[in-house]
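Spelled out, the chains give:
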Amino acid sequence: MKGAFYTGQYRNVFAELGHSQKEIDQKLKDAFHTVFYGPDDEKFYFEAGDDMGYFEDTGNFDARTEGMSYAMMMCVQMDMKNEFDRVWKWARTYMYMEDGYNKGYFAWSCKTTGEKNDLGPAPDGEEFFAMALFFASHRWGDGEGIFNYSQEARNILSACIHNGEKEPGDPIMEPENYLIRFIPSRKFSDPSYHCAHFYELFSMWANEEDRPFWKKAAKASREYLKKACHKDTGLAAEYAYYDGTPYEKEQDVFGGRHDCYSYRVIANIGLDYEWFAADEWNVENNNKVQKFFCETHKDEEFKIYEIDGTVIEQPALHPVAMIATNAQASLAANGPYAKECVERFWNTPLRKGERRYYDNCLYLFALLALSGNYRIY
């Protein structure tokens, strides 16, 4: 099989299961309208002034680079240029660090007024910012200043590799093994940050001298996930060392244990397979995850899980996000539960309440991906 990068063909998994294009389009339109322009207790996009906007983490009452970069990716996929530019201007105005130890990165959390809560980055934000900016450049063309999308993307990626070479700082990408760090100052990773499908594109579009690095990063990330995902369940931890084993140290520093299942990983594995189909391991792993949830835990409420499948008797914080990522895993999975996971997602509404932000971000990504609308531009 060849991926969509080579064929230009994106699977519409919903249509494969018999849903009409009309109802697929309506479902996508309705979900985006709810998140961006729905009632105040359902949406989490808010406009700020005449030309800015932000996604609010409604569970933590802040704006995060995770959500801001996700919003930009969603907007470029849906051809929502006005909203894209508003979010990008807010992020570039309030989150970007012009100087200091983390120069060239974005503060991972800000108050919704724009005040920085912390001066450190969360690297999934940087990689999503860069990818969304490249897509915006290719879809809409580059503008002036901060709206010179492709130049802004190249600058971000340069900082990810070169920070610390000429002045105090740390790179986001590990120079020794090409793996993305959890934060620049710590030598361990987060499996859910690993987006080899992004790195493949960065290897074509970054500054020319950085392209070989990103090509190596794509290969390194795919090999890393084979180590980080459990051999039987396919589950990966929230944080993991460079050898793939779950991170267990300094739990007090990062707010509790982080060796349990992180469900963004299988969504990324699915999208990597959709775009590049570089490794059949993606299929094998996502089949294992779907089997784990559909056989072992089919009729129970989602809990917290260690990666070997051990159940921690606490309710999952983001159950709708788990349904969404189990479905997006079907971009790679071809086992007996691939259709079941997609149908369960199709029949699941957007989450309501204060914790809706994270669940519904992953919900929108799954909608885009499974309808054939999460595309390379």
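Residues numbered from 1 in each chain as written. Predicted model: local features only at pLDDT ≥ 70, side-chain atom pairs only at ≥ 80, totals over all residues. Heavy atoms only, no water.

Draft legend 1. A look at the overall build of the protein chain. What the protein chain contains, in helices and strands, is 14 helices and six strands. The C-alpha radius of gyration computed for the protein chain amounts to 19 Å, which stays within 12% of the reference 21 Å derived for 377 residues, consistent with globular compactness. Along the first, second and third principal axes, the C-alpha atoms of the protein chain reach 55 × 45 × 40 Å. A burial count over the protein chain gives 61% of its 377 residues as buried. Expressed as a percentage of contacts within the protein chain between residues at least 6 apart in sequence, the contacts between residues at least 24 apart total 65%. On the protein chain, roughly 15,300 Å² of surface is accessible, and the fraction owed to carbon and sulfur atoms is 47%. The average position of the 42 basic charges and that of the 61 acidic charges among the side chains of the protein chain differ by 3 Å. (Helix = DSSP H or I, 4+ residues; strand = E, 2+ residues; numbered from the N terminus. Rg over C-alpha atoms; globule rule 2.2 N^0.38 Å. Buried < 20%, exposed > 50% of the residue type's maximum accessible area, 1.4 Å probe, protein only. Contact = heavy atoms within 4.5 Å. Areas by Shrake-Rupley, 256 points an atom, 1.4 Å probe, with all protein chains shown as cover. Lys, Arg positive; Asp, Glu negative; His and termini not counted. Charge placed at Lys NZ, Arg CZ, Asp CG, Glu CD.)

Draft legend 2. Highlighting helix α8 (residues 196-205). Where burial is concerned, most of α8 is hidden: nine out of the 10 residues are buried. By the burial criterion, the buried members of α8 are A196, H197, F198, Y199, E200, L201, F202, S203 and W205. On its buried face, α8 sits against α1 (4-7), α4 (65-77), α6 (123-140), α7 (149-162), α9 (211-228) and α10 (264-276).

Draft legend 3. The arrangement of the pattern of salt bridges in detail. Enumeration according to the criterion identifies 24 salt bridges in this entry. Of the charged contacts, one joins K43 and D40 as a salt bridge, the two residues approaching to 4.0 Å between their closest N and O atoms. Among the residues examined, K43 registers a relative accessible area of 15% and is labelled buried. Residue D40 is classed as exposed on the basis of its relative accessible area, which comes to 59%. The closest approach of N and O atoms between K226 and E223, which form a salt bridge, is 3.2 Å. With K226 and E223 both in helix α9 and three residues apart, this pair spans about one turn of that helix. On the accessibility criterion, K226 (31% relative accessible area) is partly exposed. Linked through salt bridges whose partners overlap, the residues forming this network are E200, K215, R222 and D272. (Salt bridge = Lys/Arg side-chain N within 4 Å of Asp/Glu carboxyl O.)

Draft legend 4. Fine view of the pairing of strand β1 (residues 45-48). Pairing geometry for β1 and strand β2 (residues 52-55), over four bridges, is antiparallel. When the sheet's bridge partners are listed, Y45 is paired in β2 with F55. As consecutive antiparallel partners, β1 and β2 are separated by three residues, and within that stretch G49 has a phi angle of approximately 65 degrees, a positive value. (Pairing = 2+ DSSP bridges.)

Draft legend 5. Unusual backbone geometry, seen in detail. In this model, F61 sits at a positive phi of 60 degrees, which is unusual for a non-glycine residue. Here F61 is to be found in the loop between β2 and β3 (63-64). According to the relative accessible area criterion, F61 is exposed, its value standing at 53%. Phi angles above zero are rare outside glycine, and A277 is one such case at about 45 degrees. Tracing the chain through its elements places A277 in the loop between α10 and α11 (281-296). Here A277 falls in the buried class, since its relative accessible area comes to 11%.

Draft legend 6. Layout of the pairing of strand β6 (residues 311-315). Inspection of the sheet shows strand β5 (residues 303-305) paired to β6 by three bridges, in the antiparallel sense. If you follow I304 over to β6, its bridge partner there is I312. Hairpin connection of β5 to β6: five residues between the antiparallel strands, including G309 at a positive phi of 100 degrees.

Draft legend 7. Highlighting the side chain of T58. Tracing the chain through its elements places T58 in the loop between β2 and β3. Of note is the side chain of T58, whose polar atom sits 3.4 Å from the backbone nitrogen of Y357. Residues contacting T58, with those up to four places away along its chain left out, are F44, G353, E354, R355, R356 and Y357. (Polar contact = N/O pair within 3.5 Å; in protein donor to acceptor, adjacent residues only side chain to side chain.)

Draft legend 8. Quick look at the state of the cysteines. Tallying each qualifying case throughout the model produces zero disulfides. Free cysteine C361: the closest other cysteine sulfur is in C75, separated by 11 Å. A residue is classified by how much of its surface remains accessible, and C361, at 1% relative accessible area, is buried. (Disulfide = S-S within 2.5 Å.)

Draft legend 9. Quick look at the nonpolar core. Among the nonpolar cores identified, the biggest contains 118 residues, and M73, F84, F198, W214, W275, F345 and Y374 are the most heavily contacted of them. Of all the elements, helix α14 (residues 356-370) adds the most residues to this core, at 12 residues. Setting aside anything within four residues of it in sequence, one finds F84 in contact with M72, C75, V76, A132, L133, A136, W140 and Y149. (Core = buried A, V, L, I, M, F, W, Y, C linked by side-chain atoms within 4.5 Å.)

Draft legend 10. Geometry of the environment of H162. Here H162 lies in helix α7. C-alpha separation for the pair H162 and M173, spaced 11 residues apart in sequence, amounts to 8.7 Å.

Draft legend 11. Expanded view of the packing of aromatic side chains. All told, the structure shown has 55 aromatic pairs when counted by the stated rule. Taking the centre distance of 4.9 Å and the plane angle of 75 degrees together, the rings of F128 and F198 count as edge-to-face. On the criterion of sequence distance, the pair formed by F128 in helix α6 and F198 in helix α8 is long-range, its members being 70 residues apart. By relative accessible area, F128 is classed as buried at 6%. (Phe/Tyr/Trp six-rings, centres within 6.5 Å; stacked < 30°, edge-to-face > 60°.)

Draft legend 12. Representation of helix α3 (residues 21-37). Here α3 is 17 residues long and its end C-alpha atoms lie 23 Å apart, about the 24 Å a rise of 1.5 Å per residue gives. Residues I24, L28, A31, F32, T34, V35 and F36 constitute the buried set of α3. (Expected span 1.5 Å × (residues − 1).)

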